[in-house]
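Chain by chain, the residues:
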Amino acid sequence: PVFLLSVGMGAYIVSSVEPEFEANSSLVLLSPATAIGPQNQVSQVNPLAQFSPAQEQTAAIVAARIATDSVRKEFAKNGLDPSYEISDPGAPQFTITVTNKSKKIATTTITELQKTAVSELEAIQREVGAPETDFLTIRPITEIQVIQSNSARTRAVAAIAVLGILATLGSAFLFEGI
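Residue positions are given per chain, counted from 1 along the sequence in the order it is written. Two thresholds apply to this predicted model, a pLDDT of at least 70 for residue-level local features and 80 or more for giving and counting side-chain atom pairs, whereas whole-chain, interface and lining totals are computed over all residues. By convention in this description, side-chain values take in all heavy atoms of the structure and omit both hydrogens and water.

Q: Whenever I open this one, the packing of aromatic side chains confuses me. Can you help?
A: For any pair of aromatic rings, geometry is given as the distance between the ring centres together with the angle between the planes. The rule is short: rings of Phe, Tyr and Trp, with Trp giving its six-membered ring, pair when the centres are within 6.5 Å, and they are stacked under 30 degrees, edge-to-face over 60, tilted in between. Throughout the structure, instances matching the rule amount to one aromatic pair. Judged by centre distance (5.7 Å) and plane angle (55°), the ring pair of F75 and Y84 falls under tilted. Judged on exposure class, the residue F75 and its partner Y84 are both buried. Here, a charge over a ring means that NZ of Lys or CZ of Arg falls within 6 Å of the ring centre while also lying within 35 degrees of the ring normal. Over the ring of Y84 we find R72; its NZ or CZ atom is 4.2 Å from the centre of that ring. Only protein chains enter the accessibility calculation, which uses a 1.4 Å probe; a residue is then buried when its area is under 20% of its type maximum, exposed when over 50%, and partly exposed in between.

Q: Can you help me understand the pattern of salt bridges in this one?
A: When their charged atoms lie close together, side chains carrying opposite charge are able to pair. What counts as a salt bridge is simple: a side-chain nitrogen of Lys or Arg found within 4 Å of a carboxyl oxygen of Asp or Glu. This structure, assessed with the given rule, holds six salt bridges. Among the ionic pairs, R65 bridges to E120, the shortest N-O distance being 2.7 Å. With R65 in helix α2 (residues 53-66) and E120 in helix α4 (residues 103-127), this residue pair connects regions lying 55 residues apart in the sequence. A relative accessible area of 17% places E120 in the buried class. Linking K115 and E112 is a salt bridge whose minimum nitrogen-to-oxygen distance equals 3.3 Å. The helix and strand labels rest on DSSP assignments: H or I over at least four residues marks a helix, E over at least two residues marks a strand, and numbering proceeds from the N terminus.

Q: Would you explain the nonpolar core in this entry?
A: The nonpolar side chains of soluble globular proteins are, as a tendency, buried together. Each nonpolar core is a collection of buried residues, namely Ala, Val, Leu, Ile, Met, Phe, Trp, Tyr and Cys, held together in the definition by side-chain atoms within 4.5 Å. Ranked by internal contacts, the top residues of the largest apolar core, which has 22 residues, are F94, I96 and I138. Among the elements of the structure, β1 (20-30), α2, α3 (69-77), β5 (93-100) and α4 are those that each provide at least two residues to this core. Sorting elements by how many residues they give to this core places α4 first, with six residues.

Q: Teacher, can you tell me more about the packing of α2 against α4 here?
A: In helix packing, the relevant descriptors are the interaxial angle and the interaxial distance, both defined with respect to the helix axes. Helix axes use the C-alpha atoms of the stretch in contact, all axes being lines fitted to C-alpha atoms, and the angles between their N-to-C directions lie in the range 0 to 180 degrees. Contact pair α2 / α4: the axes reach a minimum separation of 9 Å and the direction vectors enclose 120°. With respect to α4, the element α2 is oriented oblique. In this structure, the crossing between α2 and α4 has a hand that is right-handed. The residues of α4 that touch α2, namely those facing T58, I61, V62, R65 and I66, are L113, T116, A117, E120, L121, A123, I124 and E127. Relative orientations are named as follows: roughly parallel for angles under 35 degrees, roughly antiparallel for angles over 145 degrees, roughly perpendicular for angles from 65 to 115 degrees, and oblique for any other angle. The hand of a helix crossing depends on one turn: near helix anticlockwise from the far one by less than a right angle means left-handed, and clockwise means right-handed. We call two residues in contact when some of their heavy atoms are within 4.5 Å.

Q: I would appreciate a short explanation of α4 in the present structure.
A: For the α-helix, the turn length of 3.6 residues means that residues three or four positions removed from each other point alike. Given a helix with a known number of residues, its expected span is that number minus one, times 1.5 Å. Between its first and last C-alpha atoms α4 spans 36 Å; for 25 residues at 1.5 Å apiece the expected length is 36 Å, and the two agree. On its buried face, α4 is in contact with β1, α2, α3, β5 and β6 (137-140). Of the residues that open α4, the one with a side-chain oxygen 3.3 Å from the backbone nitrogen of K104 is S102. Backbone geometry just downstream of α4 places G129 in the positive-phi region, at approximately 75°. Within 3.5 Å is the distance limit for a polar contact, defined as a pair of N or O atoms, with the added protein rule that one can donate a hydrogen and the other accept it, and that residues adjacent in sequence qualify only through two side-chain atoms.

Here's what the structure looks like:
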């Protein structure tokens, strides 16, 4: 009976736990698509073939600036999710992840973070006086990916299973002793 009670309670709790949506987007910093040659000749270059350590450092700076408390507070004030995560950029790219019970809020938060990253990158370059012809740009690598996460339900099921087993064993020992 104790085990059946645990199963019933577990089913109720699992059905009441709302799924979460995890949205993510990876951004990459790119160099300008033009380069100035030895005789001041402007030529087209492939930005994807021009990665440098400076872009890695700049990616880290942009990631740090969009992860500040002031940006998070502004997002919260605007109804967006301030608990987003930003991967540690080890290359000229980083990934932003938002987990929320609302798919719309998760997606909108990612979209606004992409815009914030673009504006922060531009602001950083203006602050250091970089010539606009040398401005780095930031672009999404992929479309925003959204998946339904059942991790909260999984944790609830695991906790209920452990409690159910403990309750069953405890009641078995109790009735054995009687």
